[in-house]
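These are the residues of each chain, in order.
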Amino acid sequence: MDRRSFLKVTAAGAVAAGVPSLPAAAAKTGKTPLEVKSYVKESARKTPVVDKADVVVAGGGPAGFAAAVAAARGGMDVIMMEREYFLGGLFTGCGVTPIINMYNPTATGKELAVSGICLELCKRLDEVGMLSYESVRPKVDPEAAKYFMEEMSAEAGVRILYGVQATDVIMSGDRIDAIVIEGKSGRVAIQARFFIDCTGDGDILDWTGEDFIIQKNDIGAMWRIGNAENSKKGNKTAVKGVRTMHTVGEKEQDGLDMYNLTRIQLKLRKMMWNNSLELKKQKGCEDLFLLDTPTVVGVRVTRVLNSVGNVSAQGAAERKSYKDVIGFTGSDSTLKVGGNKYLVRERPMWQVPYSAITPKKIQNLLVGGRCFGFPVELTYDAREIGTCFMTGQAAGSAAAIAVNTRTSCRDVNIAALQSSLRKQNVKLDW
Ligand SMILES: Cc1cc2nc3c(=O)[nH]c(=O)nc-3n(C[C@H](O)[C@H](O)[C@H](O)COP(=O)(O)OP(=O)(O)OC[C@H]3O[C@@H](n4cnc5c(N)ncnc54)[C@H](O)[C@@H]3O)c2cc1C
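Cut-off values and rules
Residues numbered from 1 in each chain as written. Predicted model: local features only at pLDDT ≥ 70, side-chain atom pairs only at ≥ 80, totals over all residues. Heavy atoms only, no water. Phe/Tyr/Trp six-rings, centres within 6.5 Å; stacked < 30°, edge-to-face > 60°. Buried < 20%, exposed > 50% of the residue type's maximum accessible area, 1.4 Å probe, protein only. Helix = DSSP H or I, 4+ residues; strand = E, 2+ residues; numbered from the N terminus. Near = heavy atom within 4 Å. Polar contact = N/O pair within 3.5 Å; in protein donor to acceptor, adjacent residues only side chain to side chain. Nonpolar A, V, L, I, M, F, W, Y, C, P; charged D, E, K, R; others polar. Domains from an automatic or database assignment. Expected span 1.5 Å × (residues − 1). Axes fitted to C-alpha atoms, helices over the stretch in contact; angles between N-to-C directions. Parallel < 35°, antiparallel > 145°, perpendicular 65-115°, else oblique. Contact = heavy atoms within 4.5 Å. Pairing = 2+ DSSP bridges. Salt bridge = Lys/Arg side-chain N within 4 Å of Asp/Glu carboxyl O. Left-handed = near helix turned anticlockwise from the far one by under 90°. Core = buried A, V, L, I, M, F, W, Y, C linked by side-chain atoms within 4.5 Å.

Draft legend 1. A look at the packing of aromatic side chains. As enumerated under the stated definition, the model contains seven aromatic pairs in all. Judged by centre distance (5.1 Å) and plane angle (85°), the rings of Tyr147 and Phe148 are edge-to-face. Relative accessible area serves as the criterion here: at 11%, Phe148 is assigned to the buried category. Centroid distance Phe328 to Trp430: 4.8 Å. Interplanar angle 80°. Geometry classified as edge-to-face. In this pair, Phe328 sits in strand E19 (residues 325-329) while Trp430 sits in the segment after helix H12 (414-423), placing the two residues 102 residues apart along the sequence. Taking the relative accessible area as the measure of exposure, Phe328 reaches 0% and is therefore buried. Owing to a relative accessible area of 36%, Trp430 belongs among the partly exposed residues under this scheme.

See the structure below:
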């Protein structure tokens, strides 16, 4: 059987929750979209616990960074684990540097939707001339962003752990007791009181058996060219002579299939190389060169939480207010919902409720970033970097409250959370 046929795609482009749609053999492991040829048996083993923290954040992309900083500022001992050796995820590692949805485009200009930690980072980048604008989108230099994200994490007291892939969780009833990580030190575990899934792909959702859907989407890339002052192609950056290029890539791709990801990354590198050679042929571009290609494969969306209460697409179009609002996000796309089309610059910014980052089953887990609970219609908006910073900051702040008050993620006091977010300069009011 073709491994892609394991995932039953609905007309809307989403698929039903991962486990039920897998064949029986794979459903037993529940961990892979691949065709299972046979099994090898692992012997039972004890996994050493090498560290403990109040909060563990899995993934150091925009959401993970904001979650970790917010939790640490809330008094938590935080470990942020990241499989790469830099912060920023797709933001800095895929050259995806225009922060969409931080500002909401309006008929007359722009209005700030996401402030908080996102705005703090932008201010630091602006001070050193590493921020420019692409339309209403702040565009940052990826190396400068990596530097300042590490600086802000260190100032908050976040313990960064690089080069480790989270691979499993150890459960105690409906609580996560420890997260299993693998890296150069082998397979070890870290215990914590609270966990935040900022892997982008909802890896922890899968291992804990939480409710989610899987979406297929375009897998593409952004890359940079240098000595490109005279190039007619590409967008300007804060650095003289450096431009960014973008390809939407292949449509409706499975971002959880390792063979597919490898195939696409190899194909894209060839395309970027050849494209740069073509661009060199432009007048005045003899010295143009391929400055960098993505170190993180350009997956837009995969697992998406089926949360306690997903954000509503109709609500996003029509200025819905939520009692448990945790932030706003811009509306930098055309939204089609309920047979209507809501155009960019005519759409209002929209609110995200706490219920949308909260899982239904696990007691000590929240989600930040591109795998929080949103409907398919909102996919474009909900996964943008501004939105990821915002949901991450809220998840980190809520985790601190949950740990301090010894409550489950579903019992976090919303008034206390909103008060904490307001103190952090997060916009919660229209
Ligand atoms: C080609 C492309 C172009 C885009 N263009 C834009 C744009 O112009 N503007 C915009 O705002 N958005 C854009 N986006 C979307 C945006 O970049 C992402 O949605 C956003 O970065 C998601 O943030 P995140 O923190 O949720 O996840 P990610 O950025 O994916 O970060 C997740 C982090 O977790 C780490 N990780 C994952 N799994 C594990 C694990 N098991 N263990 C340890 N670490 C793990 C990853 O290495 C990564 O660092 C684009 C996306 C793509 C692919």
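Draft legend 2. How the structure looks around the site of the ligand. By nearness alone, 35 residues border the ligand, and Glu82, Val96, Pro98, Arg383 and Glu384 come closest of all. With respect to the ligand, the side chain of Arg83 contributes an N or O atom lying 2.9 Å from an oxygen atom. Every element with two or more residues in the shell around the ligand is listed here: helix H3 (62-73), helix H4 (90-93), strand E9 (165-172), strand E13 (217-226), strand E17 (298-299) and helix H11 (385-405). A per-element tally of the shell around the ligand places E13 first, with three residues. Counted by class, the shell around the ligand contains 16 nonpolar, eleven polar and eight charged residues. Split by domain, the residues of the shell around the ligand number at least three in each of domain 1 (51-162 + 302-423) and domain 2 (217-299).

Draft legend 3. Highlighting H3. Over its twelve residues, H3 runs 17 Å from end to end, which matches the ideal 16 Å to within 8%, given 1.5 Å per residue. Where burial is concerned, most of H3 is hidden: eleven out of the twelve residues are buried. Looking only at H3, the buried set comprises Pro62, Ala63, Gly64, Phe65, Ala66, Ala67, Ala68, Val69, Ala70, Ala71 and Ala72.

Draft legend 4. Quick peek at the packing of H3 against helix H5 (residues 116-127). Where H3 contacts H5, the axes come no closer than 10 Å and their chain directions differ by 105°. Considering their axes alone, H3 and H5 lie roughly perpendicular with respect to each other. When H3 is examined against H5, the residues Phe65, Ala66, Val69, Ala70 and Arg73 are found in contact with a partner set consisting of Ile117, Glu120 and Leu121. Of the residues belonging to the contact of H3 with H5, the class tally is six nonpolar, no polar and two charged.

Draft legend 5. Highlighting the pairing of strand E22 (residues 350-353). In E22, alternate side chains face the same way, and those of Trp350 and Val352 on one face and Gln351 and Pro353 on the other are all buried. Bridge analysis of E19 against E22 gives four bridges, and the strand direction is antiparallel. Residue pairing across strands places Gly327 opposite Val352, the latter belonging to E22.

Draft legend 6. Molecular detail of the pattern of salt bridges. Counted under the stated rule, the structure contains 26 salt bridges. A salt bridge links Lys240 to Glu229, with the shortest nitrogen-to-oxygen separation between them at 3.8 Å. You can see Lys240 sitting in the loop between strand E14 (235-236) and strand E15 (243-253) and its partner Glu229 sitting in the loop between E13 and E14, a full eleven residues away along the chain. Looking at Glu229, the relative accessible area reads 49%, which means it is partly exposed. Linking Asp429 and Arg422 is a salt bridge whose minimum nitrogen-to-oxygen distance equals 3.0 Å. For Asp429, a relative accessible area of 46% translates into the label partly exposed. Put simply, Asp51, Asp77 and Arg159 are held in one network by salt bridges that share partners.

Draft legend 7. The packing of H5 against helix H6 (residues 142-156), seen in detail. Orientation of H5 relative to H6, taken along the N-to-C sense of each, is 120°, at an axis distance of 10 Å. If you check the angle between H5 and H6, you find them oblique. Here H5 runs over H6; the crossing is right-handed. Of the residues in H6, those in contact with Ile117, Glu120, Leu121, Arg124 and Leu125 of H5 are Ala144, Ala145, Phe148, Met149, Glu151, Met152 and Glu155. Residues that form the contact of H5 with H6 fall into these classes: eight nonpolar, no polar and four charged.

Draft legend 8. Geometry of the domain arrangement of the protein. Looking at the protein, the domain boundaries give domain 1 (51-162 + 302-423) and domain 2 (217-299). Each side of the interface is counted separately: domain 1 has 23 residues, and domain 2 has 18 residues. On the surface where domain 1 and domain 2 come into contact, there are one salt bridge. One salt bridge in this structure joins Asp141 and Arg224, with 3.2 Å as the shortest N-O distance. Applying the counting rule to domain 1 against domain 2 returns six residue pairs in polar contact (both at pLDDT 80 or more). Mapped by element, the contributors of at least two residues to the side of domain 1 that touches domain 2 are H4, strand E6 (131-134) and H6. Among the residues forming the side of domain 1 that touches domain 2, the class breakdown is eight nonpolar, eight polar and seven charged.

Draft legend 9. Seen up close, the nonpolar core. In terms of nonpolar packing, the biggest core is built from 110 residues, with Val55, Ile179 and Phe389 touching the most fellow members. With twelve residues, H11 is the largest single contributor of residues to this core. If near-sequence neighbours (up to four positions away) are discounted, Val55 is found in contact with Ala71, Met76, Asp77, Val78, Ile79, Ala192, Phe194, Ile196, Ala399 and Val403. Counting 15 residues, the second-largest nonpolar core is a separate cluster that includes Ala221, Trp223, Ile225 and Val299.

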